[in-house]
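What the coordinates show
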Amino acid sequence: MQYRRFGRLEWRPSALGFGCMRLPVQGEDRSAIDVAQATEMVRYAIDNGVTYLDSAYVYHGGESERFLGRVLKDGYREKVRVATKLPMGLVESQADADRILNEQLQRLQTDCIDFYLFHGLRRPRWELVQRLDLLNWAEKARAAGKIRHLGFSFHDSFEVLRTIIDSHPGWDFCQVQYNYMDTKYQAGTQGLQYAASKGLGVVVMEPILGGRLA
């Protein structure tokens, strides 16, 4: 496994992470994770050097985080850093954000989430972050030890990405869609390079476009 710089952080993650949005399921129910097969996949990845696992509150109907909380027992939690996301479509107040974050900590069976993201920021959701003062909320959660590093995942234009990055000095990382078909889509190469130039770690989502480029 190769390991890379991650922005200004001292930690060096594996070049490949493991996304937990498309775990194998039983039948057509996306919440019915095939626990045996998914466990084998995740632990194989960790045993072979993967150190970054990505989930979200809404993945697999909420079962992705619960699955990770179980699969990372037996010493696996200490080998990795876990990322998950605040579901912006479900947040109408800081009280909602508090409730969801506490639920995520319980689901993941951890007292601190290593990498915490505002999920799927685009202009309307960024305006929600500002209106509800969620950056201040997140910094309080970080000071309380509930999250370690703060970032956002992103689906909008380069101009919006630049606005978000420049609006808060406390960002540690961001997550953008990027692959050889998407070099000019959304943030694109320009956004990836801008984020890196500002000292942010950059996580790539959709590196093979949800499997379609395979």
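Up top is the structure.
Keep in mind that what you see is a predicted model, and the values were worked out from it rather than measured. The residue count restarts for each chain, going from 1 along the sequence in the order it is written. The predicted nature of this model means local features are confined to residues of pLDDT at least 70 and side-chain atom pairs, given and counted, to a pLDDT of 80 or more, with totals for whole chains, interfaces and linings taken over all residues. Excluded from the side-chain calculations are hydrogens and water; all other atoms, namely the structure's heavy atoms, are used.

1. Description of the side chain of Asn179
Strands are runs of DSSP state E lasting at least 2 residues, helices are runs of H or I lasting at least 4, and numbering of each runs from the N terminus. Note on placement: Asn179 falls in the loop between β6 (173–177) and α7 (188–197). Its relative accessible area of 5% is what places Asn179 among the buried residues. A polar atom in the side chain of Asn179 sits 2.8 Å from the backbone nitrogen of Met181. Whenever two N or O atoms come within 3.5 Å, that pair is a polar contact, provided that in protein one can donate a hydrogen and the other can accept it, and provided that, for residues adjacent in sequence, both atoms are side-chain atoms. For Asn179, the side chain forms a polar contact with the side chain of Asp182, separated by 2.9 Å. The contact partners of Asn179, leaving out residues within four places of it in the chain, are Glu206, Pro207, Leu209 and Leu213. When a residue's accessible area, from a 1.4 Å probe over protein chains only, is under 20% of the maximum for its type it is buried; when over 50% it is exposed; and in between it is partly exposed. The criterion used for residue contact is that any of the two residues' heavy atoms lie within 4.5 Å.

2. Re the pairing of strand β4 (residues 113–121)
Among the nine residues of β4, nine are classified as buried, and the element is accordingly described as predominantly covered. What makes two strands pair is DSSP finding at least two bridges between them. Relative to β4, strand β3 (residues 81–86) runs parallel, the two sharing four bridges. Looking at β4, one finds that Ala83 is bridged to Phe115. Where the polypeptide runs from β3 across helix α3 (residues 94–108) and back to β4, its parallel neighbour, the crossover connection is right-handed. Taken together, the six bridges between β4 and strand β5 (residues 147–154) define a ladder with parallel strand orientation. Handedness of a crossover: with both strands directed away from the viewer, a clockwise path from the first strand across the helix to the second marks it as right-handed.

3. Examining the pattern of salt bridges
A carboxyl oxygen of Asp or Glu within 4 Å of a side-chain nitrogen of Lys or Arg is what we treat as a salt bridge. This structure, assessed with the given rule, holds eleven salt bridges. The salt bridge involving Glu63 is made with Arg66; its shortest N-O contact spans 2.9 Å. With Glu63 and Arg66 both in helix α2 (residues 63–71), this residue pair falls three residues apart, about one helical turn. Glu63 gets classed as partly exposed once you look at its relative accessible area, which sits at 22%. Residues Glu139 and Arg142 are paired through a salt bridge, measuring 2.7 Å at the closest nitrogen-oxygen approach. One end of the pair is Glu139 and the other is Arg142, both in helix α5 (residues 134–143) and three residues apart, which spans about a single turn.

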